[in-house]
Amino acid sequence: MFRAAVRLSVSGVRSVTRARAACQQAPLASRCYSHGTQETDEEFDARWVTYFNKSDIDAWELRKGMNTLVEYDLVPEPKIVEAALRACRRLNDLASAIRILEAVKDKAGPHKDIYPYLIQELRPTLDELGISTPEELGIDKV
């Protein structure tokens, strides 16, 4: 009886030490988290322009797309913002258009030359769609 108990406990200890040894080796293993291909800047821009140019986009998809875009560590290109503003116009959603401009200004952060550049590039589209900037509306001072 004693011999059987010792045999079971020894095999149990062996399995525990093997499990611990495997756990201790895991941090040393090389890990590759990115198995897919790297997306180029042009492909990224084209993907978002295509997303916002969908003819059947609704308000939820517009907000979801902008929230996802804002999560990235970048300021969107003017052509992406233009496509988003045109989607706002198709939906007759002026508030979302102004929020998009505010989000882009916020993403520019401390770089004071990025937002004026974007507004300069978007000026023909803003005039065509009849969208005022937050500065023109005076809500940037609130």
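The model shown is predicted, which means the values in this text are computed figures rather than measured ones. (Residues numbered from 1 in each chain as written. Predicted model: local features only at pLDDT ≥ 70, side-chain atom pairs only at ≥ 80, totals over all residues. Heavy atoms only, no water.)

It is not clear to me how the packing of aromatic side chains should be interpreted in this structure. Could you clarify?
The description of an aromatic ring pair rests on the distance of the ring centres and on the angle between the ring planes. A complete count under the given rule lists 6 aromatic pairs for this structure. Between the aromatic rings of Trp-48 and Tyr-51, the centroid separation amounts to 5.4 Å while the plane-to-plane angle is 70°, which identifies the pairing as edge-to-face. Taken together, the residues Trp-48 and Tyr-51, both in helix 2 (residues 41-52) and 3 residues apart, mark about one turn of the helix. Ring geometry for Trp-48 against Tyr-72: centres 6.3 Å apart, planes inclined by 75°, an arrangement best described as edge-to-face. With Trp-48 in helix 2 and Tyr-72 in the loop between helix 3 (59-71) and helix 4 (78-90), this pair connects stretches of sequence that are 24 residues apart. Relative accessible area serves as the criterion here: at 5%, Trp-48 is assigned to the buried category. Using a relative accessible area of 29% as the deciding quantity, one classes Tyr-72 as partly exposed. (Phe/Tyr/Trp six-rings, centres within 6.5 Å; stacked < 30°, edge-to-face > 60°. Helix = DSSP H or I, 4+ residues; strand = E, 2+ residues; numbered from the N terminus. Buried < 20%, exposed > 50% of the residue type's maximum accessible area, 1.4 Å probe, protein only.)

When you look at the nonpolar core in this model, what are you seeing that I'm missing?
Buried together is how nonpolar side chains tend to be arranged in soluble globular proteins. Counting 27 residues, the largest nonpolar core has Phe-52, Leu-85 and Leu-101 as its most contacted members. Residue contributions to this core peak at 7 residues, all from helix 4. Apart from residues no more than four positions distant in its own chain, Phe-52 is found in contact with Ile-57, Leu-62, Gly-65, Met-66, Leu-69, Ile-80, Ala-83, Ala-84, Ala-87 and Arg-90. (Core = buried A, V, L, I, M, F, W, Y, C linked by side-chain atoms within 4.5 Å. Contact = heavy atoms within 4.5 Å.)

Sorry, what's going on with the packing of helix 2 against helix 3 here?
Working note: a packed helix pair is described by the angle between its axes plus the distance between those axes. Interhelical geometry of helix 2 versus helix 3 gives an angle of 160° and a closest axis separation of 10 Å. As summarised for this structure, helix 2 and helix 3 are arranged roughly antiparallel, according to the angle between their axes. As helix 2 runs across helix 3, the sense of the crossing is left-handed. The residues of helix 3 that touch helix 2, namely those facing Phe-44, Trp-48, Tyr-51 and Phe-52, are Glu-61, Leu-62, Lys-64, Gly-65, Met-66, Thr-68 and Leu-69. Partitioning the contact of helix 2 with helix 3 into residue classes produces 7 nonpolar, 2 polar and 2 charged. (Axes fitted to C-alpha atoms, helices over the stretch in contact; angles between N-to-C directions. Parallel < 35°, antiparallel > 145°, perpendicular 65-115°, else oblique. Left-handed = near helix turned anticlockwise from the far one by under 90°. Nonpolar A, V, L, I, M, F, W, Y, C, P; charged D, E, K, R; others polar.)

Any chance you could explain the packing of helix 4 against helix 5 (residues 94-108) here in plain terms?
Interaxial distance between helix 4 and helix 5 falls to 9 Å at its minimum, and their mutual angle equals 160°. The angle between helix 4 and helix 5 places the two elements in the roughly antiparallel class. Handedness of the helix 4/helix 5 crossing: right-handed. Each of Val-81, Ala-84, Leu-85 and Cys-88 in helix 4 lies in contact with helix 5, whose residues at this interface are Ser-96, Ala-97, Ile-100, Leu-101 and Val-104. Tallied by class, the residues present in the contact of helix 4 with helix 5 amount to 8 nonpolar, 1 polar and no charged.

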